[in-house]
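# Geometric and topological summary
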Amino acid sequence: MLKKWSAAVLSGLLVVGALSACGGEGDDAGSGKKDDGKITMGFAQVGAESGWRTANTKSVQEAATAAGIDLKFSDAQQKQENQIKAIRSYIAQKVDIIAFSPVVESGWDTVLKEAKDAKIPVILTDRAVDSKDTSLYKTFIGSDFVLEGKKAGEWLVKEYTGKTDTVNIVELQGTTGSAPANDRKSGFADVIKADPKFKVIASQTGDFTRAKGKEVMEAFLKANPKIDVLYAHNDDMGLGAIEAIVAAGKKPGVDIKIITVDAVKDGMTALSEGKINYIVECSPLLGPQLMDLAKKVLAGETIPQRVLTEETTFTPEQAKAALPNRKY
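Scope of this entry: the structure provided in the associated data block. (Residues numbered from 1 in each chain as written. Predicted model: local features only at pLDDT ≥ 70, side-chain atom pairs only at ≥ 80, totals over all residues. Heavy atoms only, no water.)

This part covers helix α7 (residues 210-223). With 14 residues, α7 ought to run about 20 Å at 1.5 Å a step, and its terminal C-alpha atoms sit 20 Å apart, in line with that. Among the residues of α7, Gly213, Val216, Met217, Phe220 and Leu221 are the ones counted as buried. Buried residues of α7, viewed axially, fall in a sector of 145°; they line one side. Residues of α7 that are exposed and point over 90 degrees away from its buried face: Ala211, Lys222 and Ala223. Looking at the buried positions of α7, the neighbouring elements they touch are β6 (167-173), β7 (198-205), β8 (229-232) and α8 (235-247). Of the residues flanking the start of α7, the one acting as N-cap is Thr209, its side-chain oxygen 3.2 Å from the backbone nitrogen of Lys212. (Helix = DSSP H or I, 4+ residues; strand = E, 2+ residues; numbered from the N terminus. Expected span 1.5 Å × (residues − 1). Buried < 20%, exposed > 50% of the residue type's maximum accessible area, 1.4 Å probe, protein only. Arc of directions from axis to C-beta. Contact = heavy atoms within 4.5 Å. Polar contact = N/O pair within 3.5 Å; in protein donor to acceptor, adjacent residues only side chain to side chain.)

Structure follows, in structure tokens:
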């Protein structure tokens, strides 16, 4: 009797093993990837060029942990070839979903098609791509960079209402070819072009970094004896520029009015001290929304092709009130 019972158990175990080997519960539909019910996300970050980006990375990593998502993370060090290499690695690893913040807007169609062919959905975070084939990615989550530029321009127009003298503006652009650099520039230009007194006398990239912002501002100050306004595409470049302005014997926020974008803690501190005059917020805390969208995409739910983050603007007084509870 014991022998018969043991044989029956052994037979049952063999059947279970055979089912597993045929791509049942232990496999992901024949992909060879173990399906333990946990989502695996490949995330290709731009780099760590600013306080904003550091906060963004932290938000994504913490949100993945909280959502129970296995996150494979890479830092592209602001190089497109590194991001493409990382995305191809994620495709080879057969992750469930890929998310990335494109270094620049162009040149993504080939690798995005590879992901699509591998049936791995892609979510764009923070920055968009200029691909005409929108089927190559599921959605974009981030800010309206054109609107951010317009908000900066609107503050400037209001600040100089009733004044007729020429206003000389210098602009520190973000990384050349990136969506925020292109859009923040065009949005700003669109607003100020209606009034001929506003003149952008110099515009150059500062690569979104504090060091480069300082370097380019030093060159601006040497080449242009009269600068009234600095428009920096992010706080870090603006903070670097402040160092150059102080070194030149000028008072930031007074001799040269300063507008920046982001509202990270260091920028908000400078704003509260009157060294910056106005900041347009661009929130880096996209992690929770990204994880929620990833789950919806993989569940087959219909999602909008563009998901915008809610953001505001800050004056020095508003910065003082907001700083004690600022998360980044």
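The next thing to look at is the packing of α8 against helix α9 (residues 265-272). Closest axis-to-axis distance for the α8/α9 pair is 9 Å, and the angle between their directions is 50°. It follows from the interaxial angle that α8 and α9 lie oblique. Two packed elements cross with a definite hand, and for α8 against α9 that hand is left-handed. Contact with α8, carried on its side by Asp235, Leu239 and Ile242, involves Asp266, Gly267 and Ala270 of α9 and no other residues of that element. Looking at the contact of α8 with α9, its residues break down into 3 nonpolar, 1 polar and 2 charged. (Axes fitted to C-alpha atoms, helices over the stretch in contact; angles between N-to-C directions. Parallel < 35°, antiparallel > 145°, perpendicular 65-115°, else oblique. Left-handed = near helix turned anticlockwise from the far one by under 90°. Nonpolar A, V, L, I, M, F, W, Y, C, P; charged D, E, K, R; others polar.)

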